[in-house]
Amino acid sequence: MSGMSDFNVGYPSYRVPMMGRNAVAASQPLAAQAGLRMLQAGGNAVDAAVACAMALTVVEPTGNGIGSDAFAIVWDGKQLHALNATGRAPAGWSPARFAHLSAMPQLGWEAVTVPGAVSSWVALAQRFGTLPLTTLAQPAIEYARQGFPVSPLIGRLWQKGVDKLNDQPGFSACFAPLGRAPRIGDIFRNPDQADTLEKIAATHGEAFYRGELAERIAAFAREHGAALTLDDLRNHRADWVETLSVPFAGGSVHELPPNGQGIATLIALGILRHSGIERYAPDSAPWLHLSIEAMKLALADLERYIADPDHLAFPAQRLLDDDYLRQRAALIDPQQAGDFVFGKPNQSGTVYLSTADANGMMVSFIQSNYMGFGSGVVVPGTGISLQNRGAGFVLEEGHPNQVAGGKRPFHTIIPAFALDGSGQPLMSFGVMGGPMQAQGHLQMALRIMLHRQNPQAAIDAPRWRVESGRQVVVEATLDRNTLAALRALGHDVTVEDPLQSYSFGGAQAILRDDQGIYIAATESRKDGQALVF
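Rules and cut-offs
- Residues numbered from 1 in each chain as written.
- Predicted model: local features only at pLDDT ≥ 70, side-chain atom pairs only at ≥ 80, totals over all residues.
- Heavy atoms only, no water.
- Helix = DSSP H or I, 4+ residues; strand = E, 2+ residues; numbered from the N terminus.
- Rg over C-alpha atoms; globule rule 2.2 N^0.38 Å.
- Buried < 20%, exposed > 50% of the residue type's maximum accessible area, 1.4 Å probe, protein only.
- Areas by Shrake-Rupley, 256 points an atom, 1.4 Å probe, with all protein chains shown as cover.
- Core = buried A, V, L, I, M, F, W, Y, C linked by side-chain atoms within 4.5 Å.
- Axes fitted to C-alpha atoms, helices over the stretch in contact; angles between N-to-C directions.
- Parallel < 35°, antiparallel > 145°, perpendicular 65-115°, else oblique.
- Left-handed = near helix turned anticlockwise from the far one by under 90°.
- Contact = heavy atoms within 4.5 Å.
- Nonpolar A, V, L, I, M, F, W, Y, C, P; charged D, E, K, R; others polar.
- Pairing = 2+ DSSP bridges.
- Phe/Tyr/Trp six-rings, centres within 6.5 Å; stacked < 30°, edge-to-face > 60°.
- Lys NZ or Arg CZ within 6 Å of the ring centre and 35° of its normal.
- Salt bridge = Lys/Arg side-chain N within 4 Å of Asp/Glu carboxyl O.
- Arc of directions from axis to C-beta.

Under the annotation held in an unreviewed UniProt entry, the protein chain carries the name Gamma-glutamyltransferase and is attributed to Musicola paradisiaca.

Below, the structure is given as structure tokens:
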């Protein structure tokens, strides 16, 4: 495996791949260091992941919070385990409640579903962790109580959040206590959040779902006429599930099953297995064309079929049937961009971090408030910012993702994992960023698994993003001649500066070589950090 990565290929970046026997890669340096502290204290990769995740709620509130949802994939040294810790809609929700609207609300209480992230920390720590949850929470508590300097990208996003959400219940008192967003480099303290994290850690999450914190969340919901109740919180559960996977480039790529969008990555990779993409060089026009077309086909199926797994019209695995993927691949014209609709399979459904330890355990973890700070609702005196995952539902009658009480909405957040041809761990990876996530996973898998690019090069490489129809957005670093060739193929291409648009996602990856050494890489477009020892 050490010969797999090409360290001679690279793209403009300030980052270099990091190598060691233990590794943490996260979207914010202080959070990455929280994870590293656990590894150095004798903890394992799960301990590091939970500590890092808890710290991220403090130091990167622009993407996640205590009121987030989460997914995780864990390699325990022998096999993969997957955790769906996403919340369900309040029992009081129904299509009739939103019948006067043309789309689901994105802000305020009517976008809030039950938060699941806290349950993910507890479930992971109880099943695989070695250190007490009170220890894992300590870095996050310190950052919240003592304060932390606001990092550059997060500072810019914080200002955008304040401009958008300052009138939402509880938001300004928590995140703009001086009447403005904190500036880059300002020390920001959130003592209420520190107290809340202490209560969560001391009670193993009971305070959040059944105790004092749950009662405060439910009371604030009642105050604003929201449907969320104490029973909704009490009834929450995180579910251990099996991954979905497809073979690819001599190994396999694994994603969580629906209600997340990870299956779109698997559909696209399965289509590309039948496309001959291996004949083309990465970043060439034919290579990009096939990748884009495969992704468009996958997203068409995603939009039509994916929802809460209890509400799918058929098992999601059928979308990964090889005959079906071959049929979908046949729709790609190598000379012309296409407009695709969903197929008909046989009928017989954000912050990201990665950790790894010297004993072989690896974790791929993601948690998110969805749109930046989420709903904008913050429970007074707690520092609990609530996600807006209800916006992931649709109102279309009969659609599997139609809003309903007690139902999980479609989710954009997805962690990923790859195994080698012998079924051993190859890579823990993810690309946060809404609709970019499944597309980013595809691009990472192609570059690292098929073309042997080292993980930092794969992260730094120019990205593209399918929008709708033939619309594709590409980064400004893409070669001009390649850009012209894509347009000649019929793609409606827009060029964006990733440092201005923030819309090409944020990746982290840890690759394991055949010597047991990890190669860790972090997003060059964000404030992240990869650490090893």
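Let us keep going from here.
Caption draft 1: Here's a closer look at the overall build of the protein chain. A count of helices and strands for the protein chain gives 18 helices and 21 strands. Since a compact globule built from 533 residues should have a radius of gyration of about 24 Å, the 22 Å found for the protein chain is in line with a globular shape. The dimensions of the protein chain, computed from C-alpha atoms along their principal axes, are 60 × 55 × 45 Å. Residues counted as buried form 63% of the 533 residues belonging to the protein chain. About 18600 Å² of surface is accessible on the protein chain, with carbon and sulfur atoms providing 49% of the total.

Caption draft 2: Up close: the nonpolar core. If you look at the biggest cluster of nonpolar residues, it comprises 108 residues, and the most contacted ones within it are Trp109, Trp121, Trp158, Phe208 and Phe365. Tallying contributions element by element places helix H2 (residues 45–59) first for this core, with 13 residues. Membership of the second largest hydrophobic core comes to 66 residues, among which are Val253, Ile271, Leu302 and Ala445.

Caption draft 3: The arrangement of the packing of helix H12 (residues 262–272) against helix H15 (residues 436–450) in detail. Running from N to C, H12 and H15 point in directions that differ by 40 degrees, and their axes come no closer than 8 Å. Here H12 is positioned oblique relative to H15, judged by the angle of their axes. Read as a crossing pair, H12 and H15 show a hand that is right-handed. Residues Ala264, Thr265, Ala268, Leu269 and Leu272 of H12 form the contact with H15, whose participating residues are Ala438, His441, Leu442, Ala445 and Leu446. For the contact of H12 with H15, the per-class residue count stands at 8 nonpolar, 2 polar and no charged.

Caption draft 4: Just the sheet that holds strand E9 (residues 251–255), in detail. Pairing in this open sheet of 7 strands is antiparallel, and the strands run E1-E20-E19-E15-E14-E9-E8 from one edge to the other. The two strands at the open ends of the sheet, each matched to only one other strand, are strand E1 (18–20) and strand E8 (244–248). This sheet shows a mean twist of 20 degrees between the axes of neighbouring strands, independent of strand direction. Where E9 meets strand E14 (residues 416–419), 4 bridges bridge the pair, whose relative direction is antiparallel. Within E14, the residue paired with His254 across the bridge is Phe417. Along the sheet, H12 contacts E8 and E9; its crossing angle with E8, the most-contacted strand, is approximately 25 degrees.

Caption draft 5: View of the packing of helix H5 (residues 138–146) against helix H8 (residues 191–203). Relative orientation of the contacting elements H5 and H8 amounts to 155 degrees, with a least axis distance of 7 Å. By the angle between their axes, H5 is roughly antiparallel relative to H8. The two elements H5 and H8 cross, and the hand of that crossing is left-handed. Counting all contacts with H5, which are made through Ala140, Ile141, Ala144 and Arg145, the residues of H8 involved are Pro191, Gln193, Ala194, Asp195, Leu197 and Glu198. Looking at the contact of H5 with H8, its residues break down into 6 nonpolar, 1 polar and 3 charged.

Caption draft 6: Local environment of the packing of aromatic side chains. Tallied over the full model, the rule gives 13 aromatic pairs. Aromatic pair Trp158 and Phe188: ring centres 4.8 Å apart, planes at 65 degrees, arrangement edge-to-face. One end of the pair, Trp158, is in helix H6 (residues 152–165); the other, Phe188, is in strand E6 (residues 187–188), with 30 residues separating them in the sequence. You can call Phe188 buried: its relative accessible area is 6%. Between Trp158 and Phe373, the aromatic rings sit 6.1 Å apart at their centres with planes inclined by 65 degrees, giving edge-to-face as the arrangement. Taken together through their ring pairs, the aromatic side chains of Phe148, Trp158, Phe171, Phe175, Phe188 and Phe373 make up a single cluster. Across the ring face of Trp240, the terminal group of Arg127 is positioned such that the distance to the ring centre comes to 4.5 Å.

Caption draft 7: The arrangement of the pattern of salt bridges in detail. Taken as a whole and judged by the stated rule, the model has 24 salt bridges. Residue Arg465 pairs with Glu496 through a salt bridge whose shortest N-O separation is 3.8 Å. Of the two residues, Arg465 is situated in strand E16 (residues 464–466) and Glu496 in strand E18 (residues 492–496); the sequence distance between them amounts to 31 residues. Within the structure, one salt-bridge network assembled from shared partners comprises Arg88, Arg237, Asp239 and Arg408.

Caption draft 8: Layout of helix H17 (residues 480–488). Those residues of H17 lying buried are Thr482, Leu483 and Leu486. Projected down its long axis, H17 carries its buried residues within an arc of 105 degrees, all on one side. Facing away from the buried side of H17 by over 90 degrees, the exposed positions are Arg480, Asn481 and Ala488. Looking at the packing, one finds that the buried side of H17 touches helix H13 (285–305), strand E17 (471–475) and E18.

Caption draft 9: Seen up close, the environment of Leu299. On the secondary structure map, Leu299 appears in helix H13. Placed 81 residues apart in sequence, Leu299 and Ala218 show a C-alpha to C-alpha distance of 36 Å. In this structure Leu299 touches Ala264, Gln439 and Val466, once residues within four positions along its chain are discounted.

Caption draft 10: Geometry of the sheet that holds strand E21 (residues 529–532). An order of E7-E4-E3-E11-E10-E2-E21 is seen for the 7 strands of this open sheet, with the pairing classed as antiparallel. The outermost strands of the open sheet, each flanked by one partner alone, are strand E7 (239–241) and E21. Between one strand axis and the next, the sheet turns by 15 degrees as a mean value, whatever way the strands run. Looking at chain direction, strand E3 (residues 69–75) and strand E4 (residues 80–85) are connected through 6 bridges and run antiparallel. Bridging from a neighbouring strand, Ala70 pairs with Ala85 of E4. Relative to the sheet, helix H3 (residues 117–128) contacts E3, E4, E7 and strand E11 (362–368), its axis offset from that of E4 by approximately 150 degrees.

Caption draft 11: Region of interest: the environment of Thr412. Within the secondary structure layout, Thr412 lies in the loop between strand E13 (384–385) and E14. Exposure remark for Thr412: the relative accessible area of 6% places this residue in the buried category. Separated by 23 residues in sequence, Thr412 and Pro435 place their C-alpha atoms 6.3 Å apart. In this structure, Thr412 is in contact with Gln261, Tyr370, Arg389, Gly434 and Gln437, ignoring residues within four places of it in sequence.

Caption draft 12: Up close: the environment of Ala294. Within the element layout of this structure, Ala294 appears in helix H13. Here Ala294 falls in the buried class, since its relative accessible area comes to 0%. For the pair Ala294 and Ala264, spaced 30 residues apart in sequence, the C-alpha separation works out to 9.6 Å. Every residue in contact with Ala294, bar those within four places of it in the chain, is listed here: Ala268, Ile271, Leu272 and Ile332.

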